Amino acid sequence: MAASRRSWSLSLMPPVILQKIFYKTPADALVRAKPTCKEWYALLTDETFINQHFNRSKEHFLRIFDTVQIMDPVTRTSSVSPVPNELLQHPFKIDTLVYTHMVHCDGLMLVESYMWKCRDDGSRFSNLALWNPVLRNLRWIEPSRSITSSDYHGIGYDKNNRNDGYKILRFASRPWEIERYEGDEPEVEIYECKTSSWRTLDVELDMDVNIMPLCVAVMGNMYWTAYRYGEEEGDEEEIIRGFDFTDETFKDICLCPTSYVNSHLSCFNGDSLSLLQQDQTSRNIEVWVSSKLGGGDGDVSFSKYFSLSGPDLPALRVQANAARPVYCFVKPNKSVIVWCVGVEGEGTDKACTCCTLYEIDEDGVKSKKVTERDDVRDYSRAFRCGYVYVPSMIPLPWVRD
């Protein structure tokens, strides 16, 4: 009864005031409010309002294990929903969904799922889907050929022609292996969501660049950390490698400030990159932020944002195959919130994997909260994935209200 009275009183408000209230309302609550009345439905499905709401929305953390969990890292509030049936009821036979890698763009997640025992010979099968966790819409993307373990993917759009919709990139991360062992020319492909079709790009992959798997989409383009190798053994430099969806080319964006094994790339302020790096011995953390992207990428450089040190700093990645942490910044204070996988009771029969949320500032660990525990001791599978994610009501390209 009380909820009905609130909805009725909101309906009597001037549209301008109502719109301002909705801009501050979480996307999942607005989705539930769509059926309230025709006026609300018209506003909440309006493309301009949806985009403006997304631009005002805050970063969240998203994790998938037995459920989908979306957390506001500042307030610590979270929503939990089932893993989409479409991921579990794949058009191909699936015994076990063992790993999912995702890339976020405008509230849409490009999902690359790995399954075991999907084919008759028991080998691994991979496929792609585009998913909006708030709208709970998901659609599989038919690949042009079988996806291999060396294939990388990204999502973006042509900034000069947004009406062309989203594009999905596929390329070989280790092109020298394809050329050496298969005798084929490594291909770069683009999937056009507007036409639901793949096309091959006339782009040559650099044989002296090794791109790392995890990536970030910023302002419609993709970015990875990578290593460019010189002619002499041991001669290498760590760089940021990008793919521009407007001119459909790979580019070296800039040099990384330092080189750490424990290095994590993310978006900053919606128009820049950040690097969170940790020394494995001292556990000291350095945070670097790039200049703005989108202009001349050749002018991009990193500057140190802040450094963190202290005896109680956590190991953000306990071993090489462990789930990577996700992080965001608390403003205006120079602190960082990190969600990472760790181990409790290591070396004992009661050892378990735990997922812990840390807030760390220049004085050390400000707060610590264990959010999940599991007796699975395989760090890479205990918590399948974690991402910085901005919830949105932007529909899938093929799905409209």
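Residues numbered from 1 in each chain as written. Predicted model: local features only at pLDDT ≥ 70, side-chain atom pairs only at ≥ 80, totals over all residues. Heavy atoms only, no water.

Undergrad: In this structure, what is going on with the pairing of strand E17 (residues 272-278)? I would like to understand it.
TA: Where a strand is regular, its side chains alternate between the two sheet faces. Of all seven residues making up E17, seven are buried, and the element is well covered by its neighbours. Both faces of E17 are covered, namely the face carrying Ser272, Ser274, Leu276 and Gln278 and the face carrying Leu273, Leu275 and Gln277. Two strands pair when backbone bridges link them, and strand E16 (residues 262-268) and E17 are joined in this way by seven bridges, in the antiparallel orientation. What sits directly across from Phe268, in E17, is Ser272. Counted between consecutive antiparallel strands, the loop separating E16 from E17 contains three residues, among which Asn269 sits at a positive phi close to 60°. Both E17 and strand E18 (residues 285-290) contribute to a ladder of five bridges, which runs antiparallel. (Buried < 20%, exposed > 50% of the residue type's maximum accessible area, 1.4 Å probe, protein only. Helix = DSSP H or I, 4+ residues; strand = E, 2+ residues; numbered from the N terminus. Pairing = 2+ DSSP bridges.)

Undergrad: How should the pairing of strand E3 (residues 78-82) be read in this particular structure?
TA: One ladder, built from five bridges, connects strand E2 (residues 67-71) with E3; its direction is antiparallel. Each residue of the ladder has a partner; that of Ile70, found in E3, is Ser79. Hairpin remark: E2 followed by E3, antiparallel, with six residues in the connecting loop; positive phi at Arg76, about 70°.

Undergrad: Help me understand a negative patch on the surface, please; the structure alone is not making it clear to me.
TA: A cluster of acidic residues, Glu231, Glu232, Asp235, Glu236 and Glu237, forms a negative patch at the surface. Here Glu231 shows up in the loop between strand E13 (221-229) and strand E14 (236-244). (Patch = residues over 30% accessible without salt bridge, like charges linked within 9 Å, V, L, I, M, F, W, Y side chains within 5 Å. Areas by Shrake-Rupley, 256 points an atom, 1.4 Å probe, with all protein chains shown as cover. Salt bridge = Lys/Arg side-chain N within 4 Å of Asp/Glu carboxyl O. Lys, Arg positive; Asp, Glu negative; His and termini not counted. Charge placed at Lys NZ, Arg CZ, Asp CG, Glu CD.)

Undergrad: Would you mind going over a nonpolar patch on the surface with me for this structure?
TA: A contiguous nonpolar surface patch, about 210 Å² in accessible area, is contributed by Met13, Ile17 and Ile21. Within the secondary structure, Ile21 is located in helix H2 (residues 15-23). Ile21 gets classed as partly exposed once you look at its relative accessible area, which sits at 32%.

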